[in-house]
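# Inside the fold
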Amino acid sequence: MYKLLTTDGRAKRGTFETVHGTIQTPVFMNVGTAAAIKGAVATTDLQQIKTQVELSNTYHLHLRPGDQVVKKLGGLHKFMNWDKPILTDSGGFQVFSLTSLRKIKEEGVYFNSHIDGHKIFMGPEESMQIQSNLASTIAMAFDECAPYPATRDYMINSVNRTTRWLHRCKDEMARLNSLEDTINKHQMLFGINQGGTYADIRIDHAKAISELELDGYALGGLAVGETHEEMYHIIEETVPYLPQNKPTYLMGVGTPANILEAVDRGVDFFDCVYPSRNGRHGHVYTNHGKLNLFNAKFELDERPIEEGCGCPACRNYSRAYIRHLLKAKEMLGMRLCVLHNLYFYNTMMEEIREAIEEHRYGEYKKAKLDGFAIKE
């Protein structure tokens, strides 16, 4: 159940009640593809760095260890020792990224595993069944993430099929939630808006899926090659046609600047691999731009990554030490950078929520973006 607390322009501040706890929005979901954040980060760490929601991947967990295995072990929460909300994406994006390995049909998608090549079929019902076995808090509908760029005709056909699949997802989710052996009988379903950079197709699709009264709605198929300006335009055009009394989720986005701009256009949920991926390569976020800790200028730098930061890395270690760990290929260096970056994102979301509550979001956004433009 989503409750809109206040707005500041189009920016929304709300809460989203789930069976695994209440999510304060806007929120950044920390991405743990295979039920773990890459970079040796444990769920016990997530509790300390303000993580509200963990996101795992349906496709990857279906392949390893297998969703039936996770179900036998009590579901994803028990399996990974995490008591807060988990969102599982549908596997659609991963399946459709396997361009040379898949074939799309009305019933679903036939594809080969990227691990060992064995043949797999996934359709709306199969995606819902896998996610039900994982027992996540929020399941994502199975959709086609169309390629960019795509012709108008291709996009119309793709979006129409995604709509038909969404109806099947909703029916199957209702059936699964009613079964006696289902672990999470309160699993929620988010539908996904598609349409590429065709604003009119996006709007028509948003209107169509809004009628289904789902638990939330996502914008998919963005940040796949279009410019930031194109993405912002599509968000601006589409979000007003999605229900304001439900959360809006921008999938796979993005940089801190992307998040600030999207919040300003009415988005509630975000996820992205950037903070963990960049951290594993020694790139860390600060309020004064991004730093590459491999740079020689940090060799004797005794300061933390960012003064005043409360993350485990900044509370205990210097830039010089973390640089040494990275250069020596010690896993601790990578781990500390990932922890810092996730803490930075989660803290920024706290600040965003506070700024919306105090009706000073425009001022906050400008100051934050100005700070990111500063380079040490």
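Residues numbered from 1 in each chain as written. Predicted model: local features only at pLDDT ≥ 70, side-chain atom pairs only at ≥ 80, totals over all residues. Heavy atoms only, no water.

## Brief notes about the environment of Asn245
Heads up, the rule is: A run of H or I in DSSP counts as a helix once it spans at least four residues, and a run of E counts as a strand once it spans at least two, with each numbered from the N terminus.
Tracing the sequence through the fold places Asn245 in the loop between α9 (228-238) and β13 (248-250). On a C-alpha basis, the gap between Asn245 and Asp215 in space is 9.6 Å, while along the polypeptide they are 30 residues apart.

## Some words on the sheet that holds strand β7 (residues 102-104)
Quick reminder of the rule: Paired strands, in this sense, are two strands between which DSSP finds at least two bridges. Axes here refer to lines fitted to C-alpha atoms; in helices the fit is confined to the stretch in contact. Angles between the N-to-C directions go from 0 to 180 degrees.
Read across the sheet, three strands follow the order β7-β8-β9 without closing on themselves; strand pairing throughout is antiparallel. The sheet is open, and its two borders are formed by β7 and β9 (119-122), each paired with just one other strand. Strand-to-strand, the axes of this sheet are offset by a mean angle of 15°, without reference to chain direction. Bridge count for strand β8 (residues 109-112) against β9 is four bridges, and the pairing is antiparallel. Across the sheet, Val109 pairs through a bridge with Met122, a residue of β9.

## Observations concerning the pattern of salt bridges
Our working rule: Any Lys or Arg side-chain nitrogen found within 4 Å of a carboxyl oxygen on Asp or Glu counts as a salt bridge. Relative accessibility decides the category of a residue: with a 1.4 Å probe and only protein chains considered, values under 20% of the type maximum give buried, values over 50% give exposed, and everything between is partly exposed.
Counted under the stated rule, the structure contains 21 salt bridges. Across the pair Arg168 and Glu125 runs a salt bridge whose closest N-O atoms are separated by 2.8 Å. Of the two residues, Arg168 sits in helix α7 (residues 152-177) while Glu125 sits in helix α6 (residues 124-134), which places them 43 residues apart along the sequence. On the accessibility criterion, Arg168 (24% relative accessible area) is partly exposed. Several salt bridges converge on common partners, so that one network encompasses Glu236, Glu261, Asp264, Arg265 and Lys365.

## What about the layout of surface pockets?
Using the following cut-off: Grid points spaced at 1 Å and placed over the protein atoms alone form the basis of the search, with a cavity being a set where a 1.4 Å probe fits but cannot get out and a pocket an open set showing protein on both sides within 12 Å along at least five of seven lines. Lining residues have an atom within 4 Å of a point. Grid points are joined across faces, edges and corners, and a volume is the space filled by probe spheres set on the points. Under this grouping Gly is polar, as are all residues other than the nonpolar Ala, Val, Leu, Ile, Met, Phe, Trp, Tyr, Cys and Pro and the charged Asp, Glu, Lys and Arg.
Reported here for the largest pocket is a volume of approximately 880 Å³. As for the largest pocket, its lining consists of 38 residues, of which Phe93, Gln94, Gly252, Asp271 and Val273 are closest to the centre. Those elements that place two or more of their residues in the lining of the largest pocket are β5 (54-57), α5 (92-97), α9 and α11 (274-280). No other element matches the four residues that α11 contributes to the lining of the largest pocket. Broken down by class, the residue content of the lining of the largest pocket amounts to 14 nonpolar, 17 polar and seven charged. One number sums up the size of the second largest pocket: a volume of about 150 Å³. In terms of lining, the second largest pocket is formed by Thr255, Pro256, Ala257, Tyr285, Thr286, Gly289, Lys290, Phe372 and Lys375. For the lining of the second largest pocket, the secondary-structure elements that each account for two or more residues are α10 (256-263), β15 (283-286) and β16 (289-292).

## As for the packing of helix α14 (residues 331-357) against helix α15 (residues 361-372)
Rule in force here: Working definition: roughly parallel below 35 degrees, roughly antiparallel above 145 degrees, roughly perpendicular at 65 to 115 degrees, and oblique for all remaining angles. Any two residues having at least one pair of non-hydrogen atoms within 4.5 Å are treated as being in contact.
Between α14 and α15, whose axes approach to 8 Å, the crossing angle comes to 150°. Comparing the axis directions of α14 and α15 gives the class roughly antiparallel. Each of Phe344, Met348, Glu351, Ile352, Ala355 and Ile356 in α14 lies in contact with α15, whose residues at this interface are Tyr361, Tyr364, Lys368 and Phe372. Of the residues in the contact of α14 with α15, the class split is eight nonpolar, no polar and two charged.

## Considerations on the confidence of the model for the chain
Parts of the prediction with low pLDDT should not have their coordinates interpreted in detail. For clarity, the threshold we go by: pLDDT gives the predictor's per-residue confidence on a scale running from 0 to 100.
Chain-level statistics for the chain give a pLDDT mean of 96 and a share of 99% at 70 or above. Here α5 is the element of the chain with the lowest mean pLDDT, 74, and strand β3 (residues 21-25) is the one with the highest, 99.

## Structural notes on the packing of aromatic side chains
In this description, a pair of aromatic rings is defined by centroid distance and the angle of the planes. Convention followed: Paired rings are identified among Phe, Tyr and Trp, the last through its six-membered ring, by centres lying within 6.5 Å, and are further divided according to the angle between planes into stacked (under 30 degrees), edge-to-face (over 60) and tilted (the rest). Each ring is checked for a lysine NZ or an arginine CZ that lies within 6 Å of its centre and within 35 degrees of its normal; such an atom marks a charge sitting over the ring.
Per the stated rule, a full pass over the model turns up 14 aromatic pairs. Ring geometry for Tyr285 and Phe344: centres 6.1 Å apart, planes at 20°, overall stacked. A residue pair is termed long-range when its members are at least 10 positions apart, and Tyr285 in strand β15 and Phe344 in helix α14 qualify at 59 residues. Exposure class is identical for Tyr285 and Phe344. Each is buried. Both rings, one in Tyr285 and one in Tyr345, keep their centres 5.4 Å apart while their planes meet at 80°; by these two values the pair is edge-to-face. Here the residue Tyr285 occupies a position in strand β15, and Tyr345 occupies one in helix α14, the gap between them amounting to 60 residues. Summarising the burial analysis for this pair, Tyr285 and Tyr345 share the class buried. Each residue in the set Phe28, Tyr285, Phe344, Tyr345 and Phe372 is aromatic and connected to the rest through ring pairs, giving one cluster. The side chain of Arg161 reaches across the aromatic face of Trp165, ending 5.9 Å from its centre.

## Focus: the pairing of strand β2 (residues 11-18)
Burial runs high along β2: seven of the eight residues are buried. Sheet analysis places strand β1 (residues 2-8) next to β2, joined by six bridges and oriented antiparallel. Its bridge partner being in β2, Thr6 is matched across the sheet by Arg13. Adjacent in sequence and paired antiparallel, β1 and β2 are bridged by two residues, among which Gly9 carries a positive phi angle near 70°. Where β2 and β3 come together, five bridges link them in antiparallel fashion.

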